[in-house]
Amino acid sequence: MAWVFSLSAECGTEQSQAERFAEHFRYLTWTIDNGIESQCQADIFADIEGNWWCRVCPSGLSEIGIDAPESAYLMTELGILLYQRLRSAPCFRYGIVGVEVDEFRTYSELIDDGTVASLPGIVVDRDIWQLLGSPPALRNFATGYFWKPYEGEVYKPLVTSSELKTKMSELLMVA
């Protein structure tokens, strides 16, 4: 199973809005610190509520998650570049960058979730910000958008190393 790093943005009820959003990122290329050219692929899809999403996936990254400090660094670098580009994107309602963030919340879940303002990297439009009660934890991101600043990706050796998982299991059995 692939673990995909992406920018996922919910663009509302109009498919055409998601298509415009995808075009803003599609085929965009960056040369990242490791010298690799990373090209963005963008696709759109509808969620169970009928709202349209765009998923933007940069190439050249691990597809098994954050398996080393280097992959966390590269994903963070690309995350920052995605957020920079997001500032000039066509209209969207909310979005986030990370590993496995597709449909991280439907629109109704987002509005009902009192903890959304604590999600690092979440970007919401002014209407959602107001529906959430104008949380002070969200700062200006771009005209008409607010965010909880991105904190980057994190390497967690206990998640990726079977050897460390075994040692931790042994430790937990002793207690």
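Look up a bit, the structure's there.
Nothing here was measured: the structure is a model prediction, and the numbers come from that model.

Student: For the pattern of salt bridges, give the residues involved together with the corresponding values.
Tutor: This model, assessed by the stated rule, comprises 6 salt bridges. The partner of E10 in a salt bridge is R93, and the shortest N-O contact between them spans 2.7 Å. Linking E10 in strand β1 (residues 5-12) with R93 in the loop between α2 (69-86) and β5 (94-99), this pair joins segments that are 83 residues apart in sequence. By relative accessible area, E10 is classed as buried at 0%. By relative accessible area, R93 is classed as buried at 19%. Measuring nitrogen to oxygen at the nearest pair gives 2.3 Å for the salt bridge that ties E23 to R26. Using a relative accessible area of 24% as the deciding quantity, one classes R26 as partly exposed. If you follow the salt bridges from partner to partner, you end up with D43, R55 and D102 in one network.

What counts as what
- Residues numbered from 1 in each chain as written.
- Predicted model: local features only at pLDDT ≥ 70, side-chain atom pairs only at ≥ 80, totals over all residues.
- Heavy atoms only, no water.
- Salt bridge = Lys/Arg side-chain N within 4 Å of Asp/Glu carboxyl O.
- Helix = DSSP H or I, 4+ residues; strand = E, 2+ residues; numbered from the N terminus.
- Buried < 20%, exposed > 50% of the residue type's maximum accessible area, 1.4 Å probe, protein only.

Purely geometric numbers; function is a separate question.
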